[in-house]
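Structural overview
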Amino acid sequence: MVFLLLAGKLALAATSSADAAHLHVQLVVPASALTSGGSADAGLYFKLEPGWHVYWKNAGDSGEPPRMKWTLPDGISAGPLQFPVPKRLPLGPLMDFGYEDEVLFPFQLKVAPSAKSSPAVLHAKVDWLVCREVCIPGKAELEATRPVTNQASKAATVEPDATLYARLGNRLPQSPPSAFKAGFEPTATGFRLTLITSQKETQASFFPADQNVLDNPAPQKLTPKAKGLTLDLKKDANLTTNPGQLRGVLELSNGRAYEIAAPAGAPAAAVDTEPGETAATNTAGPANSAPSPSTNRQASTPGLVRIVGLAFLGGLILNLMPCVFPVLFLKGLALMQSGAEERHRLRTHGLVYTAGILVSFWVLVAVLLGLRSAGGRLGWGFQFQSPVFLSLMAGLLFFLALSLAGQFEIGLSLTSAGGSLAAKQGYTGSFFTGVLAVIVATPCTAPFMGVAIGYALAQPGAVTFAVFTALALGLAAPYAALTLQPAWTRILPKPGAWMELLRQVISVPIFATVIWLAWVLANAYGAAVLAALLVGFLLIAIAGWFLGRWPAQRWSTIIAALILVGFIGLSTWAPKNLAAAAPSSSARSGEWEPWSAETVSRYQSQGRPVFVDFTASWCLSCQVNERVALTTPEVRKAFADANVALLRADWTQHDEAIAQTLASLGRNGVPVYALYVPGEASPRLLPEVLTPGIVTDALNKLPRGATQPTVASSNLQ
Amino acid sequence: MAARSRLASSSFFAVTLLIAASLSVGTQAQSIRVGSPAPDFTATDSQGRTQSLNQYRAKYVVLEWHNQGCPYTRKHYVSGNMQNLQKEWTAKGVVWFTVISSAPGAQGYVTPPQENAYLAQMHAAPTAVLLDSDGKVGRLYNAKTTPQMFVIDPQGKVIYAGAIDDKPTPDTDDIRGADNYVTDALTAAMAGKPIATSYTRSYGCSIKYRD
C-alpha cells in the first residue's frame with residue numbers, strides 16, 4: 001500500500017525539464033526565491049536536435065507555436081510567452097518562421113504581496129510542434145519549485161537557469177525608439193513599408209504578426225534610403241481589405257530588431273530628406289523644412305505623368321546621342337531610297353521600326369524586372385559591363401560599317417531569292433533596326449533619363465512598363481514621324497548619286513563608334529583582349545570580302561557565315577581568358593582616390609567636403625564630363641581651395657557596393673556626381689551634364705567653416 | 001506576301017509581349033483567389049483512372065490534401081471525422097477528391113495498392129484519391145499543408161480555401177467543438193446563402209513536395 005502510494009507520488013512529481021522526441025525542454029526560473037510583491041524573469045527553453053525547428057507566434061505557412069498552460073498557487077501569475085526574433089525557414093514553396101538549435105521564450109512571473117504558500121510549485125503543461133521533414137507534436141509537464149520570501153534577494157540565482165537566461169533571454173525584438181517613424185502604402189502587388197531610422201539601412205526582413213496578410217514566400221525588395229528604407233511586401237492573394245496597421249518584427253542589420261505597428265499612410269517625415277534638413281541643424285522646428293535649392297535631388301514621388309513626359313523627352317534626346325544617330329541615319333537613308341513608294345508602306349515601316357524599339361525595351365524591362373525580383377541590383381547600361389557583349393557589338397557595327405563603306409551589300413544574296421523575300425527583308429529589317437537602336441542607346445544615359453529610370457525601377461512592374469514605353473516611343477518618334485507624316489517626305493532630298501556618297505560618309509561615325517567600343521574594351525580588360533578583337537575585325541573583313549567579291553552566291557555566303565561564327569567564338573573566349581586585371585581609373589590621376597564608403601565616412605568625420613565621381617569607362621558622358629569639367633585647372637584649384645576630398649567610384653565592372661550606393665541616391669546608372677557637405681546627412685547631386693561653372697558654383701555654395709579657414713572666392717565662369 | 005510578313009512580325013510581337021508580361025508578374029507560384037475559377041487539372045487516381053476537374057462541371061467538388069503520417073491528418077482520420085464528412089457530402093452529390101502530393105520517399109507517399117488498403121482499413125469514402133507525387137496539382141493550387149481543403153462550386157469557382165476547421169491542434173478532442181469550415185461552406189452554398197468564412201490559414205504539416 002505504502003509502496004503504491006510512493007510509486008504514485010513519484011509518477012506525479014514532474015521535473016523542470018524533460019526530454020522528448022528530438023528536443024529537450026526546460027522551465028527556466030533563474031531566481032532562487034520569489035519575492036512577494038515582486039516579479040521574476042522566467043523562460044521556456046528548447047534545445048533542438050540539428051535540423052529540427054519549433055515555431056514563432058506566427059508560424060508562417062505551416063506549423064504551430066508552443067503553448068503553456070499553468071497551474072499556479074494563489075497570488076502567483078504568469079505572463080504570456082514572449083517570442084524572440086525568428087528565422088525564416090523555407091520549405092519548398094512554403095515559408096515558415098521559427099527557431100533552430102535552441103531558443104528561450106521569456107515570460108514574467110508576478111507575485112502578489114499576498115502570496116503565501118512557500119514553497120510555490122509552478123506547474124506547466126507545455127505542448128509544441130517540432131518539425132524537420134516530418135512534424136511531431138509533443139507535450140510535457142514541467143514543474144519548478146521556489147520559496148516565496150518577503151525580502152528581495154536578487155543576488156541568489158539557480159543554475160543552469162541563470163546562465164541560460166543570461167545567454168538567450170535578450171533576443172526579443174525591441175520597441176522602436178521614438179525617433180523611428182513607420183508607415184505603409186498599398187502598391188499594385190501588396191504594400192510598401194517605409195521605416196525612417198535617421199540612417200541608411202541596407203538590410204531588412206519583415207516578419208508579419210498577423211496571418212493571411214502577406215504572401216510569406218515572396219521575396220521582400222529592400223530599397224535603402226538616405227534616412228531609412230522602404231520594403232516592398234507582397235500581399236496574400238486572398239486579402240480583400242487592407243489592414244489598418246502592418247504589425248510584426250522588422251529585423252535590420254547588426255542584430256537590431258524592432259516590434260513595429262506601421263499605420264497606413266506615409267510616415268510624417270520624408271525618408272530621403274532634402275539636403276540641409278537634418279536633426280542636427282533643426283533646433284525647434286519639425287522635421288520637414290523648405291526644399292533646398294539643389295534641383296538634382298529626386299523629390300519623394302514626382303507625378304507619374306511628369307515622369308512619363310520626361311521619359312519621352314529623354315527618348316527623343318537619345319536620338320542625338322552618338323550611340324544612336326548613325327542608326328537613325330541608316331534608316332533615313334533607306335527611307336529616302338523608298339521615297340517614291342506607297343504612303344502606307346512607309347507608314348508600316350515606321351510602325352514596325354517603332355515596334356522593334358518597343359519590343360526590345362519591353363524585353364529588356366521584363367528581364368530587368370525578373371532579375372530585380374531575384375534580388376539583383378542592376379542598372380541601365382549593365383550589359384555593357386559584359387566584355388563578350390562589348391566585343392560582339394563592336395563586331396556587328398564593324399560589319400555594318402564595312403557594308404556602308406561599300407565592301408559588300410547586305411541582303412543582296414537574299415533579295416536574289418525572290419521578290420517576297422525582299423519585302424520580308426524590308427519589314428524585318430525595319431524591325432531589327434529598331435532593336436539595334438535600343439541596344440546601342442543603352443549606355444548613353446541622357447540627362448533626363450537618370451531620374452525617370454531611377455524612379456521607375458523602384459516602382460511596381462506596371463509603372464515601370466509605362467515609363468519605359470514612353471522612353472521607347474521617344475526614341476522611335478523622329479523616324480516614325482517621318483513615315484507617318486507623308487508631307488514631310490517631300491522635304492527629304494530626292495534620290496540620286498549623292499546617296500551612295502552619303503552612305504559611305506555615314507560609315508565614318510559607325511567606325512568611330514567601333515573605335516570607342518574597342519577603347520572601352522581595352523581600358524577595362526587589357527591590350528590582349530583588344531588584340532583579340534582586332535583579329536576578330538580581320539575575320540569580319542575577310543567575311544565581308546567574300547560577300548563582296550562573290551555576291552549572291554550561296555557558297556560564299558556560307559563561308560562568310562562560318563567566319564562570322566568564328567568571330568563569335570573568339571569574342572566569347574577572348575575576354576575570359578585574356579583579360580588583364582582592370583586598372584582602376586584612379587591610377588590615371590593622383591588627385592583622385594578610389595571610392596569606398598569607409599573613405600567617405602573618414603573624410604566626413606574630419607569635417608572635409610567629399611566629392612564623389614561615379615563613372616565608368618564605357619560611359620561616354622562620364623568621360624566628356626571628366627575632361628571638360630572635372631580636370632580643368634580652374635576646377636582643380638577650386639577643389640583644392642575648398643579642401644574637398646576627391647573620390648572616384650569606377651563602375652566599369654559591376655560592383656555591388658557602388659550599385660547599392662547609387663540606388664540609395666535614387667539613381668541606377670552613371671554618371672552621378674555627389675558632393676557630401678559636412679553637417680548634411682545626404683549628398684548634393686550635380687547635374688549629369690557638367691560645366692566648370694556648375695562645379696565651381698556648387699563649391700561656392702559650401703557652408704563657411706566647411707572648408708579651410710581661407711575660403712577662396714572663385715571668380716570663375 | 002506583305003500580309004504574311006506583317007502577320008509574322010505581329011505574332012512575334014505578341015509572343016514577346018506575352019513572355020514579357022508573364023516575366024513581369026514575378027517568379028512565384030500563383031495563389032488561388034477565392035472567387036476566381038478553379039484551375040483545371042488531370043491526375044491518375046488510386047484505381048488507375050484518369051480524373052480531371054472539368055469532368056465534374058455542374059457538381060460541387062471538394063479537394064482534400066492528405067498525408068496519412070501527418071499528426072493533423074491522423075487527428076481527422078483516427079477519429080473518423082474525415083470519413084464522416086466524405087460519406088455525408090458524397091451522398092449529397094459532392095465529388096470528393098483526396099489529393100496526395102508527397103514526393104516519392106517522403107512522408108505520405110503511397111503506391112496505389114497501399115492507398116487502397118488504407119482506404120479500406122479507414123473506411124474512407126472519397127470519390128477518388130489522386131496520386132500527385134510530382135506535385136503538379138499541389139503547386140497548381142499552391143497547397144501548403146495537410147489537411148488543406150478547397151471547395152469548388154458547380155460553376156467552377158473556388159468558394160472556400162483553407163483549414164478544415166478552426167482548431168489548429170493535433171488533438172482528436174478538439175474536433176467536437178470545432179467549427180468545420182467545409183461543412184459551413186457547402187451548407188451555405190447549397191442553400192444559396194453567402195459563405196461566412198471563405199478563406200482561412202490552413203493548419204497541418206507542410207506538404208512534402210518533390211524538389
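In short, a report on the structure.

Cut-offs used in this document
Residues numbered from 1 in each chain as written. Chains lettered and ligands numbered in written order. Predicted model: local features only at pLDDT ≥ 70, side-chain atom pairs only at ≥ 80, totals over all residues. Helix = DSSP H or I, 4+ residues; strand = E, 2+ residues; numbered from the N terminus. Buried ≥ 20, exposed ≤ 12 C-beta atoms within 10 Å, placed from the backbone. Contact = placed C-beta atoms within 7 Å. Pairing = 2+ DSSP bridges. Axes fitted to C-alpha atoms, helices over the stretch in contact; angles between N-to-C directions. Arc of directions from axis to C-beta.

1. Concerning the overall build of chain A
Check the secondary structure of chain A and you find 19 helices and 25 strands. Relative to its full complement of 717 residues, chain A shows a buried share of 42%. The long-range fraction of contacts in chain A, counting pairs at least 24 apart against all pairs at least 6 apart in sequence, stands at 77%.

2. Let's talk about the sheet that holds strand β18 (residues 228-234) of chain A
Residue and element names in this part refer to chain A. The strand order across the open sheet built from 4 strands is β14-β15-β18-β17, with neighbouring strands paired in antiparallel fashion. The open sheet has two edge strands with one neighbour each: β14 (181-186) and β17 (221-225). Neighbour-to-neighbour, the strand axes of the sheet open up by a mean angle of 15°, direction not taken into account. Sheet topology note: the strand β15 (residues 190-196)/β18 ladder contains 7 bridges and is antiparallel.

3. With respect to the pairing of strand β24 (residues 672-676) of chain A
All names here are of chain A. Across the 5 residues that make up β24, a large majority, 5, are buried. A two-sided burial pattern is seen for β24, the buried positions comprising Val672, Ala674 and Tyr676 on one face and Tyr673 and Leu675 on the other. Looking at chain direction, β24 and strand β25 (residues 684-686) are connected through 3 bridges and run antiparallel. The residue of β25 that forms the bridge with Leu675 is Arg684.

4. Some remarks on helix α6 (residues 181-190) of chain B
All names here are of chain B. Within α6 the residues assigned to the buried category are Tyr181, Val182, Ala185, Leu186 and Ala189. One side of α6 holds all its buried residues, which, seen down the axis, span an arc of 125°. On the buried face of α6, the contacting elements are β3 (61-65), α3 (81-90), β7 (148-152) and β8 (158-162). Positive phi appears at Gly192, one or two residues downstream of α6, with a value of about 75°.

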